[in-house]
Amino acid sequence: MQRGAPVGGPGWGRLDQIRAAVVNAEADGEFQEDRKSEALDKLNEVYSERHERLTRAFDRGVVAVVWFVLIVGSLVCVLLPNLFGGTKLFPHIVLVSTLAGALALLLFAIFQLQNPFSGGSRIEPEAFQWALARLGRG
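Sequence order as written defines the numbering, with residues in each chain counted from 1. For a predicted model such as this one, the threshold for reporting local features is a pLDDT of at least 70, and the threshold for listing and counting side-chain atom pairs is 80 or more; totals across whole chains, interfaces and linings nevertheless cover every residue. Only hydrogens and water are set aside when side-chain values are computed; all heavy atoms of the structure are taken into account.

(A) Geometry of the overall build of the chain. Numbered from the N terminus, helices here are DSSP runs of H or I no shorter than four residues, and strands are runs of E no shorter than two. When its secondary structure is counted, the chain shows five helices and zero strands. For the chain, the sequential pattern of α-helices and β-strands runs α-α-α-α-α. A buried classification covers 13% of the 138 residues belonging to the chain. Considering only contacts within the chain whose residues lie at least 6 apart along the sequence, 64% involve residues at least 24 apart. Summary of the burial criterion: residues with accessible area below 20% of their type's maximum are buried, those above 50% are exposed, and those between are partly exposed, where the area comes from a 1.4 Å probe applied to protein chains only. In what follows, a contact means two residues having at least one pair of non-hydrogen atoms within 4.5 Å.

(B) Summary view of helix α3 (residues 64-79). What a helix should span is 1.5 Å times the count of its residues minus one. When the terminal C-alpha atoms of α3 are compared, their 22 Å separation across 16 residues agrees well with the 22 Å that a helix rising 1.5 Å per residue should span. Along α3, the residues classified as buried are Trp67, Ser74 and Val78. Mapping the buried residues of α3 onto a view down its axis gives an arc of 35 degrees, with all of them on the same face. In this structure, α3 carries Val65, Phe68, Val69 and Leu79 as exposed residues pointing more than 90 degrees from its buried face. Considering only its buried residues, α3 is in contact with α4 (89-113). This arc corresponds to the set of directions leading from the helix axis out to the C-beta atoms.

(C) Focus on the side chain of Lys36. Structurally, Lys36 can be placed in helix α2 (residues 30-58). In this structure, Lys36 is buried with no salt-bridge partner, the nearest side chain bearing the opposite charge being Glu33 at 5.2 Å. Polar contact is the term for a pair of N or O atoms within 3.5 Å; when the atoms are in protein, one must be able to donate a hydrogen and the other to accept it, and sequence-neighboring residues count only if both atoms are side-chain atoms. Side-chain polar atoms of Lys36 contact the backbone oxygen of Ala25, separated by 2.9 Å. Residues contacting Lys36, with those up to four places away along its chain left out, are Val22, Val23, Ala25 and Ala27. Under the convention used here, Asp and Glu are negative, Lys and Arg are positive, and both His and the chain ends fall outside the count. The salt bridge definition used is simple: a Lys or Arg side-chain nitrogen within 4 Å of an Asp or Glu carboxyl oxygen.

(D) Expanded view of the UniProt feature "transmembrane region" (unreviewed entry) in the chain. UniProt positions are given in the numbering used here, feature names are shortened, and annotations may be inferred rather than shown by experiment. Feature annotation in UniProt assigns "transmembrane region" (unreviewed entry) to the following positions: residues 62-84 and 90-113. The distance from the first to the last C-alpha atom of residues 90-113 is 35 Å, and the span holds 100% helix and 0% strand.

(E) The arrangement of a nonpolar patch on the surface in detail. Patch membership needs two things, relative accessible area over 30% and no salt bridge, and members are linked within 9 Å if like-charged or within 5 Å if nonpolar (Val, Leu, Ile, Met, Phe, Trp, Tyr). Computed with the Shrake-Rupley method and a 1.4 Å probe, the accessible areas treat only the protein chains shown as cover for residues. Together, Val65, Phe68, Val69, Val72, Val76, Leu80 and Leu83 make up a nonpolar patch on the protein surface, roughly 690 Å² of accessible area in all. Relative to the elements of secondary structure, Val69 occurs in helix α3. With a relative accessible area of 51%, Val69 lands in the exposed category.

And the structure:
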């Protein structure tokens, strides 16, 4: 995911095996049918979550419209105090500089967080390996 390569591995195959096992499982009575139906519902959630995670991994960032709104909004916020006349120069400079610095830090944070598998705030594979080990599968 970090290099932008297609995701391989047995993930989809394993999910298909689990689904086949649940579908082919015999159910005697209403209680077991309900449990089977619930298992299929949960498995569909797993499919959806995996698909969403893979889609987000290869989604290359924040939409251009969002960046435009963020930058224009930041400029308006910084320039807005200039509309009010009669303020002293030094407090005005301190106020606007603080606001501009905070907005710049927020824009930088958004830029860093737009791709979770690369960049300064990336999610390393060790987190997934730790989760597998904790579940007793690694």
